[in-house]
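# Survey of secondary and tertiary structure
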Amino acid sequence: MEKAFLVGERLYLRPLDECDLDRCLCWINDGEILTTLGRRTPMSRSMEREWLLGQYKDDTTFSLAIVLRDGDRHIGNAGLHGIQRVDRSAEFGLLVGDKTEWGKGYGTQAGRLVIDHGFRQLGLHRIWLRVFAFNERAHRVYEKIGFTHEGVLRESYYAGGTFHDTVVMSILASEWKSDEASVVE
Ligand SMILES: CC(C)(COP(=O)(O)OP(=O)(O)OC[C@H]1O[C@@H](n2cnc3c(N)ncnc32)[C@H](O)[C@@H]1OP(=O)(O)O)[C@@H](O)C(=O)NCCC(=O)NCCS
């Protein structure tokens, strides 16, 4: 578990490194993933490198590599963005880029580790996210983590010839049950 930052039962989260760049680039340019993240244009290698290097330049944003403990394989990224010190809020982001690993509980476990860190170590009060209504898998993951459906930005995203709703979900520190995070301390 080299450079492990947050450790769970089956996976750990570590800082992203330049050696992760090609994998991240491949995931972000996958057509299906691109749509779920709301991107319409491909990412070039230099754009993705800039994004990666920007993850630790200040304390308002960070992404971590999701790595399987079995085999030390990097399968995705998760993090908090737009961290607001006064409001003590942040936006959550999650990507399991290796599609062969979908449906095995990794997205949920990685999410729980990040949320737990946000509340217990960063002292956040509220963590929120945006998810497109058609992304039922992600919706399910967020419900399992404990996010509450907060509202809908109606027909706010145009893709595939039609307008889609964007769902806003959130979780407050008072609602977080840290014993469910599967954090290994
Ligand atoms: C969304 C994502 C993070 C989920 O990761 P994952 O590792 O597959 O998630 P998990 O295995 O922890 O949980 C998936 C859940 O969705 C359920 N699910 C799968 N397909 C589903 C569908 N079509 N409708 C409803 N639920 C579905 C699974 O059954 C499972 O729930 P369960 O444990 O109750 O059975 C991953 O698919 C991904 O990265 N997608 C592309 C990027 C993305 O959408 N990111 C989120 C943007 S808001």
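Provided above is the structure to which this section pertains.
No experiment lies behind these values; they were computed from the predicted model shown.

### Some thoughts on unusual backbone geometry
- Phi angles above zero are rare outside glycine, and R88 is one such case at about 55 degrees.
- For R88, the position within the fold is in the loop between β4 (73–84) and β5 (89–96).
- Positive phi outside glycine occurs at E155, with the angle close to 45 degrees.
- Checked against the element boundaries, E155 lands in strand β7 (residues 148–159).

### A closer look at the packing of aromatic side chains
- Counted under the stated rule, the structure contains eight aromatic pairs.
- Ring centres of Y142 and F147 lie 5.8 Å apart, and the angle between their planes is 70 degrees; this geometry places the pair in the edge-to-face category.
- For Y142, a relative accessible area of 7% gives the class buried.
- Given the relative accessible area of 5%, F147 is considered buried.
- An aromatic cluster of three or more residues is present, and its members are F92, Y142 and F147.

### Brief notes about the layout of surface pockets
- Of the voids in this model, the largest pocket is the one considered here, and its volume is about 1,300 Å³.
- Together, 48 residues line the largest pocket, and L37, G93, L94, L95 and Y142 are the ones closest to its centre.
- If you list the elements that add at least two residues to the lining of the largest pocket, you get α1 (21–28), α2 (31–36), α3 (45–53), β4, β5, α4 (106–120), β6 (126–132) and α5 (136–145).
- For the lining of the largest pocket, the leading source of residues is α5, giving seven residues.
- For the lining of the largest pocket, the residue count by class is 20 nonpolar, 16 polar and 12 charged.
- Taken as a whole, the second largest pocket holds about 190 Å³ of empty space.
- What lines the second largest pocket is a set of 13 residues, and nearest its centre among them are R14, D20, V67, D72 and H74.
- Of all the secondary-structure elements, those providing two or more residues to the lining of the second largest pocket are β2 (11–15) and β4.
- Looking at the lining of the second largest pocket residue by residue, the class counts come to three nonpolar, one polar and nine charged.

### What to know about the pattern of salt bridges
- Enumeration according to the criterion identifies 14 salt bridges in this entry.
- Of the charged contacts, one joins R14 and D20 as a salt bridge, the two residues approaching to 2.9 Å between their closest N and O atoms.
- Its salt-bridge partner being K99, residue E32 comes within 2.8 Å of it at the nearest N-O pair. Here E32, found in helix α2, pairs with K99, found in the loop between β5 and α4; they are 67 residues apart in sequence, far enough to count as distant.
- With relative accessibility at 41%, the residue E32 sits in the partly exposed group.

Here is what the cut-offs are and how they apply
- Sequence order as written defines residue numbering, which begins from 1 separately in each chain.
- At least 70 in pLDDT is required for a residue's local features to be given in this predicted model, at least 80 for side-chain atom pairs to be given and counted, and no such filter applies to totals for whole chains, interfaces and linings, which use all residues.
- Heavy atoms from the whole structure form the basis of all side-chain values; hydrogens and water molecules are not counted.
- Here a helix means four or more residues in a row that DSSP labels H or I, a strand means two or more in a row labelled E, and each is numbered from the N terminus.
- Any pair of Phe, Tyr and Trp rings, taking the six-membered ring for Trp, is counted once the centres come within 6.5 Å. Such a pair is stacked with planes under 30 degrees apart, edge-to-face with planes over 60 apart, and tilted for the rest.
- For the exposure calls, accessible area comes from a 1.4 Å probe over protein chains only, and a residue counts as buried if that area is under 20% of its type's maximum, exposed if over 50%, partly exposed in between.
- Think of a 1 Å grid over just the protein atoms. A cavity is a set of points where a 1.4 Å probe fits yet cannot get out, a pocket is an open set with protein on both sides within 12 Å along at least five of seven lines, and lining residues have an atom within 4 Å of a point.
- Grid points are joined across faces, edges and corners, and a volume is the space filled by probe spheres set on the points.
- Gly falls in the polar group here, along with every residue not listed as nonpolar (Ala, Val, Leu, Ile, Met, Phe, Trp, Tyr, Cys, Pro) or charged (Asp, Glu, Lys, Arg).
- Any carboxyl oxygen of Asp or Glu that lies within 4 Å of a side-chain nitrogen of Lys or Arg is treated as forming a salt bridge with it.

By themselves these figures say nothing about function.
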